[in-house]
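What the coordinates show
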Amino acid sequence: MEFVAIDVETANADMASICQIGLAKYKDGMLVEEWSSLVDPEDYFDFINVNIHGISEDDVVGAPKFPDVFQKLSDFLTGVICVSHTHFDRVSVGRAINKYSLSSINTVWLDSARVARRVWEECAWSGYGLSNVCKIIGYEFKHHDALEDAKASGQVLISAIDKTGLDLDAWFKRVSQPIDPASSSSGAAIKRDGNPEGELYGEVMVFTGALEIPRKEAADLAASIGCTVAPGVTKKTTLLVVGDQDVTKLSGKSKSSKHLKAEELVEKGHTIRIIRESDFKELVAQAHETE
């Protein structure tokens, strides 16, 4: 059994703005190699992201840019199974590759969050974030450090294999099946309330700014991958999707009221991820690709 776990941190809501990469290689359940690096995203640092991972513009002065670390990344991932917790890291890597017009990496992705939702009943429908799953398996780590998160993702998969006896090949088949195969209603999509079998079930999404696609269509897409779609930002919000043209280095007054409220809640300790519409579309595409 061999795989590589990955995690990235980003400088702002643009998922291509990678500022740190962590990689952990496992063989037969043991960590055999690890690598991490700060990355100069050649982009601005949003204070919301800095508050989450603690990496600032000053920290990446002199750090390599994504093309400079691409060969290392490719060496780790080419021809192997790459594990990430949810699709966010996969999308970020893909967006960065496109940003610099680099060649795609031939790797096979496995989402450890999808695995966790099928192993531990208490996180089947909510609470499948990396921190909570690691509490369940008794693994301690420093959250939002790319290498630490990568190793945590690897440990989630190893624990799942140990608990179920399913090997990697079996898990690729299992994650494509309903969370509860015995449920007759499994996979039924409920618009606006979220498809309970969706990749992001348990997430509460709000849209703001000028979107390219109609809000109704965006809400349907979000519901199809499991998100509850809410009209406004509250303490329950976990994802805010902002129109691409609205995600720029603007003064606070230039942001929408929903955007400002989300940032205010993040400052108070609430976990809200702010992403661009184009990244939302990619999340939808990746989620449907694995169905």
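Just above sits the structure.
Residues numbered from 1 in each chain as written. Predicted model: local features only at pLDDT ≥ 70, side-chain atom pairs only at ≥ 80, totals over all residues. Heavy atoms only, no water.

1. Some remarks on the overall build of the protein
Along its length, the protein carries 10 helices and 9 strands. The C-alpha atoms of the protein give a radius of gyration of 18 Å, which matches the 19 Å a tight globule of 291 residues would have. For the C-alpha atoms alone, the extent of the protein along its principal axes is close to 55 × 50 × 35 Å. Across the 291 residues that make up the protein, the buried fraction comes to 52%. (Helix = DSSP H or I, 4+ residues; strand = E, 2+ residues; numbered from the N terminus. Rg over C-alpha atoms; globule rule 2.2 N^0.38 Å. Buried < 20%, exposed > 50% of the residue type's maximum accessible area, 1.4 Å probe, protein only.)

2. Details of the packing of aromatic side chains
Centre-to-centre distance and the angle between the planes together describe a pair of aromatic rings. All told, the structure shown has 6 aromatic pairs when counted by the stated rule. Between Phe66 and Phe70, the ring centres sit 6.1 Å apart and the planes meet at 50°, which makes this aromatic pair tilted. With Phe66 and Phe70 both in helix 2 (residues 66-77) and 4 residues apart, this pair spans about one turn of that helix. Here Phe66 matches Phe70 in class, with each residue buried. Centre to centre, the rings of Phe66 and Tyr100 are 6.2 Å apart; their planes meet at 20°, and the pair counts as stacked. Here Tyr100 lies in the loop between helix 3 (88-99) and strand 5 (108-111) and Phe66 lies in helix 2, a separation of 34 residues in the sequence. Of the two residues examined, Phe66 and Tyr100, each falls in the buried class. Here a set of aromatic residues connected by ring pairs shows up, and it is made of Phe66, Phe70 and Tyr100. (Phe/Tyr/Trp six-rings, centres within 6.5 Å; stacked < 30°, edge-to-face > 60°.)

3. Details of the environment of Ser112
Along the chain, Ser112 turns up in helix 4 (residues 112-119). Residues in contact with Ser112, not counting those within four places in the same chain, are Val83, Ser84, His85, Ser153 and Val156. (Contact = heavy atoms within 4.5 Å.)

4. Observations regarding the sheet that holds strand 7 (residues 228-229)
Reading across from one edge, 7-6-8-9 is the order of the 4 strands in this open sheet, with parallel pairing throughout. Strands at the two margins of the open sheet, each flanked by one partner only, are strand 7 and strand 9 (273-276). As paired strands, strand 6 (residues 204-208) and strand 8 (residues 239-242) are joined by 4 bridges and run parallel to one another. Note that in strand 8 the partner of Val206 across the bridge is Leu240. (Pairing = 2+ DSSP bridges.)

5. Thoughts on the sheet that holds strand 2 (residues 18-27)
Pairing is mixed across the open sheet formed by 5 strands, whose spatial order is 3-2-1-4-5. Every interior strand has two partners, whereas the edge strands, strand 3 (30-38) and strand 5, have only one. Neighbour-to-neighbour, the strand axes of the sheet open up by a mean angle of 25°, direction not taken into account. Pairing of strand 1 (residues 2-10) with strand 4 (residues 81-84) involves 2 bridges; the strand directions are parallel. Each bridged residue has a counterpart across the sheet, and for Val4 the counterpart in strand 4 is Cys82. Sheet strands in contact with helix 2 are strand 1, strand 2, strand 3 and strand 4, and its direction is about 15° off that of strand 2. Across the face of the sheet, helix 4 comes into contact with strand 4 and strand 5 while running at roughly 40° to strand 5. (Axes fitted to C-alpha atoms, helices over the stretch in contact; angles between N-to-C directions.)

6. Side note on helix 6 (residues 146-164)
Taking 1.5 Å per residue as the helical rise, helix 6 with its 19 residues ought to reach 27 Å, and the 27 Å between its terminal C-alpha atoms agrees with that figure. In terms of residue burial, helix 6 counts as a mostly covered element, since 14 of its 19 residues are buried. Immediately beyond the C-terminal end of helix 6, within one or two residues, lies Gly165, with a positive phi of roughly 80°. (Expected span 1.5 Å × (residues − 1).)

7. A look at the nonpolar core
Counting 48 residues, the largest nonpolar core has Phe3, Phe207 and Phe280 as the members making the most contacts within it. Residues within four places of Phe3 in sequence aside, it is in contact with Ala24, Lys25, Tyr26, Ile81, Val83, Gly154, Leu157, Ile158 and Leu168. (Core = buried A, V, L, I, M, F, W, Y, C linked by side-chain atoms within 4.5 Å.)

8. Focus on the packing of helix 5 (residues 130-137) against helix 6
The N-to-C vectors of helix 5 and helix 6 enclose an angle of 50°; their axes lie 10 Å apart at closest approach. Classed by the angle they form, the pair helix 5 and helix 6 counts as oblique. Judged by the sense of rotation from one axis to the other, the crossing of helix 5 with helix 6 is left-handed. The residues of helix 6 that touch helix 5, namely those facing Leu130, Val133, Cys134 and Ile137, are Asp149, Ala152, Ser153, Gln155, Val156 and Ser159. Classifying every residue of the contact of helix 5 with helix 6 gives 6 nonpolar, 3 polar and 1 charged. (Parallel < 35°, antiparallel > 145°, perpendicular 65-115°, else oblique. Left-handed = near helix turned anticlockwise from the far one by under 90°. Nonpolar A, V, L, I, M, F, W, Y, C, P; charged D, E, K, R; others polar.)

9. Topic: the packing of helix 2 against helix 3
Closest axis-to-axis distance for the helix 2/helix 3 pair is 11 Å, and the angle between their directions is 125°. Between helix 2 and helix 3, the interaxial angle falls into the category oblique. The chirality of how helix 2 crosses helix 3 is left-handed. Each of Phe66, Phe70 and Leu73 in helix 2 lies in contact with helix 3, whose residues at this interface are Val93, Ala96 and Ile97. Residues of the contact of helix 2 with helix 3, tallied by class, amount to 6 nonpolar, no polar and no charged.

Interpretation in functional terms is not warranted from these geometric data alone.
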